[in-house]
Amino acid sequence: MSKKRISTLLLTAFIGIFFIQPNLSALDDTSSLQCDGGTVSAGDSEDSVRNKCGAPQKVTREDADSPIIWFYNFGPSEFVCYVSFTNGIVERIQMGGYGE
């Protein structure tokens, strides 16, 4: 194999590892969310989350079979948070990038 071909393969691998792969998992799962009113974790009810964190900035649902997702944006120095509910109970908590 030529040196040029090896250099091209290494460059492609570098780009894939450091630039493309991190974007595939933009959200990170976390076990809890700390709010001013307390800690939210899996198993908490919608009312409990609202009491601890306040009203979400956005609520979404892709279809009737998917979970309801509450979006929290706590500002530019904090990560945004997505809280997924199934049947009114926290199923999953995910963190995104910094808020606005």
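As a starting point, this report considers the structure included with it.

Thresholds applied
Residues numbered from 1 in each chain as written. Predicted model: local features only at pLDDT ≥ 70, side-chain atom pairs only at ≥ 80, totals over all residues. Heavy atoms only, no water. Helix = DSSP H or I, 4+ residues; strand = E, 2+ residues; numbered from the N terminus. Buried < 20%, exposed > 50% of the residue type's maximum accessible area, 1.4 Å probe, protein only. Contact = heavy atoms within 4.5 Å. Areas by Shrake-Rupley, 256 points an atom, 1.4 Å probe, with all protein chains shown as cover. Phe/Tyr/Trp six-rings, centres within 6.5 Å; stacked < 30°, edge-to-face > 60°. Disulfide = S-S within 2.5 Å. Salt bridge = Lys/Arg side-chain N within 4 Å of Asp/Glu carboxyl O. Pairing = 2+ DSSP bridges. Axes fitted to C-alpha atoms, helices over the stretch in contact; angles between N-to-C directions.

## As for the overall build of the protein
Then, number 1: Of the regular secondary structure elements, the protein holds 2 helices and 7 strands.
Then, number 2: From first element to last, N terminus to C terminus, the protein shows the α and β order α-β-β-β-α-β-β-β-β.
Then, number 3: Scored against the burial criterion, the 100 residues of the protein give a buried share of 24%.
Then, number 4: Relative to all contacts within the protein whose residues are 6 or more apart in sequence, the contacts with residues 24 or more apart total 35%.
Then, number 5: About 7,000 Å² of surface is accessible on the protein, with carbon and sulfur atoms providing 54% of the total.

## Brief notes about the packing of aromatic side chains
Then, number 1: Tallied over the entire structure, the rule returns 4 aromatic pairs.
Then, number 2: Aromatic side chains Trp-70 and Phe-85 sit 4.5 Å apart centroid to centroid with 55° between the ring planes, which places their arrangement in the tilted category. With a gap of 15 residues between them, Trp-70 in strand E5 (residues 68-72) and Phe-85 in strand E6 (residues 79-86) connect regions that are remote in the sequence. With respect to burial, Trp-70 and Phe-85 carry one shared label: buried.

## Brief notes about the state of the cysteines
Then, number 1: If you walk through the whole model with that rule in mind, you get 1 disulfide.
Then, number 2: The closest cysteine sulfur to the non-disulfide-bonded Cys-81 is located on Cys-35, 7.2 Å from its own sulfur.

## Quick notes on the side chain of Ser-84
Then, number 1: Tracing the chain through its elements places Ser-84 in strand E6.
Then, number 2: Judged by its relative accessible area of 4%, Ser-84 is buried.
Then, number 3: If near-sequence neighbours (up to four positions away) are discounted, Ser-84 is found in contact with Pro-67, Ile-68, Ile-69, Ile-89, Val-90, Glu-91 and Arg-92.

## Some points on the pattern of salt bridges
Then, number 1: Counted according to the given criterion, the structure contains 2 salt bridges.
Then, number 2: Two residues, Arg-92 and Asp-29, come together in a salt bridge whose shortest N-O distance is 2.9 Å. Placement of Arg-92 in strand E7 (residues 89-98) and of Asp-29 in strand E1 (residues 28-30) is noted, with a sequence separation of 63 residues between them.
Then, number 3: Here Asp-44 makes a salt bridge to Lys-52, at a shortest N to O gap of 3.1 Å.
Then, number 4: For Asp-44, a relative accessible area of 15% translates into the label buried.

## Digging into the sheet that holds E6
Then, number 1: Taken together, the 5 strands give an open sheet; going across it, the order is E1-E7-E6-E5-E4, and neighbouring strands pair in antiparallel fashion. Strand pairing shows two members of the sheet lacking a second neighbour, E1 and strand E4 (58-60), which therefore form its edges. The mean inter-strand angle of the sheet, taken between neighbouring strand axes irrespective of direction, is 30°.
Then, number 2: Direction of pairing for E1 relative to E7: antiparallel, over a ladder of 3 bridges.

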